[in-house]
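One letter stands for each residue in the lines below.
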Amino acid sequence: MVDEYGMGAFAMVVVEDTDMKDIQKLADQFQSAWQDFAKDLDTAPTASERANHWVTGICFILLALSGLSLFHPALFPLTMLFGGGTWTRILHPFIGVVMMLFFVIMFFRFQHLNRMTPTDWEWVKRAKEMVNGDDHNMPEMGKYNGGQKLLFWFLGVAMLVLFVSGIVIWRAYFSASFPIGVVRLGALLHAAFAALMIAAIIVHVYAAIWVRGTIRAMLYGTVTRAWAKQHHRAWYKQMTGK
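Remember, it's a predicted structure, so these values are computed and weren't measured experimentally.

## So, the packing of helix α2 (residues 47-71) against helix α7 (residues 180-210)
Part 1 of the reasoning: Interhelical geometry of α2 versus α7 gives an angle of 130° and a closest axis separation of 11 Å. With respect to their mutual orientation, α2 and α7 come out oblique. In this structure, α2 crosses over α7, and the sense of that crossing is left-handed. Facing α2, whose interface residues are His 53, Phe 60, Ala 64, Leu 68 and Phe 71, α7 presents Ala 191, Met 197, Ile 198, Ile 201 and His 204.
Part 2 of the reasoning: In the contact of α2 with α7, the residues fall into eight nonpolar, two polar and no charged.

So this is what it looks like as structure tokens:
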């Protein structure tokens, strides 16, 4: 039946010869099922995993700001965040070591969950559909989708290149041990991969904000069942058996 304003179709259910107890029983069952569905899944990142992620993320922000301040004179005022140019040069590589340490821990924690499968590659091929707002026909994903997995492996490579090149150009301790040509190559690779990594993290953060309900996973360690069912249906089925 269509209402007078043409706003949609309505279905009318006529219940005959059903006593109030049966109706109440159906209502109770519906309410119970809805409450069960509305419960959060608490199998998102644990407190330890979230702390690992946030320490790595904070180190990245500090490294991006300090690195950019040393990259171009127009950005030099950013050094004031670290106490001036001298302190920025001193702190930048040490923060890099801390970030590398926590990233390595995070890498070995999550690498088994980020192995690409044929379903992940299918997701990547159809990612444009999701970007356009139609994610209903996307392949069923596990805890991480194909895009997240590709980002994970890119960051692994980028961190390795940044760490090795950072050691090569660390003037206070190591650069004197390498030929000038190697130091120059190290500086070029360091700047290039830093720029790529900054771009990748911007996309990562934007995606987390864009997909509503994602941020809470890294804040509280939970996601709604509705969110999990829509975005990571294979993982949802694994965790709920439904």
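Having put the structure on the table, let's press on.
## Comments concerning the packing of aromatic side chains
How two aromatic rings sit relative to each other is given by the distance of their centres and the angle of their planes.
Part 1 of the reasoning: Within the structure shown, the criterion is met by 11 aromatic pairs.
Part 2 of the reasoning: Residues Phe 107 and Phe 152 carry aromatic rings whose centres are separated by 5.1 Å and whose planes lie at 10° to one another, so their mutual orientation is stacked. Here Phe 107, found in helix α3 (residues 85-110), pairs with Phe 152, found in helix α6 (residues 146-168); they are 45 residues apart in sequence, far enough to count as distant. We note that Phe 107, like Phe 152, is buried.

## Quick word on a nonpolar patch on the surface
Part 1 of the reasoning: A contiguous nonpolar surface patch, about 780 Å² in accessible area, is contributed by Trp 54, Ile 58, Leu 62, Val 205, Ile 209, Ile 215, Leu 219 and Tyr 220.
Part 2 of the reasoning: Those elements that provide at least two residues to the nonpolar patch are α2, α7 and α8 (215-220).
Part 3 of the reasoning: Relative to the assigned elements, Ile 58 resides in helix α2.

## With respect to the nonpolar core
Part 1 of the reasoning: Among the nonpolar cores identified, the biggest contains 22 residues, and Phe 60, Met 99, Phe 103, Leu 155, Met 159 and Met 197 are the most heavily contacted of them.
Part 2 of the reasoning: Residue assignment for this core shows that the elements contributing at least two residues are α2, α3, α6 and α7.
Part 3 of the reasoning: Sorting elements by how many residues they give to this core places α3 first, with seven residues.
Part 4 of the reasoning: Counting residues in each nonpolar core, the second largest holds seven residues, with Val 211, Val 223, Ala 228 and Tyr 236 among its members.

Conventions we followed
- Residues numbered from 1 in each chain as written.
- Predicted model: local features only at pLDDT ≥ 70, side-chain atom pairs only at ≥ 80, totals over all residues.
- Heavy atoms only, no water.
- Axes fitted to C-alpha atoms, helices over the stretch in contact; angles between N-to-C directions.
- Helix = DSSP H or I, 4+ residues; strand = E, 2+ residues; numbered from the N terminus.
- Parallel < 35°, antiparallel > 145°, perpendicular 65-115°, else oblique.
- Left-handed = near helix turned anticlockwise from the far one by under 90°.
- Contact = heavy atoms within 4.5 Å.
- Nonpolar A, V, L, I, M, F, W, Y, C, P; charged D, E, K, R; others polar.
- Phe/Tyr/Trp six-rings, centres within 6.5 Å; stacked < 30°, edge-to-face > 60°.
- Buried < 20%, exposed > 50% of the residue type's maximum accessible area, 1.4 Å probe, protein only.
- Patch = residues over 30% accessible without salt bridge, like charges linked within 9 Å, V, L, I, M, F, W, Y side chains within 5 Å.
- Areas by Shrake-Rupley, 256 points an atom, 1.4 Å probe, with all protein chains shown as cover.
- Salt bridge = Lys/Arg side-chain N within 4 Å of Asp/Glu carboxyl O.
- Core = buried A, V, L, I, M, F, W, Y, C linked by side-chain atoms within 4.5 Å.

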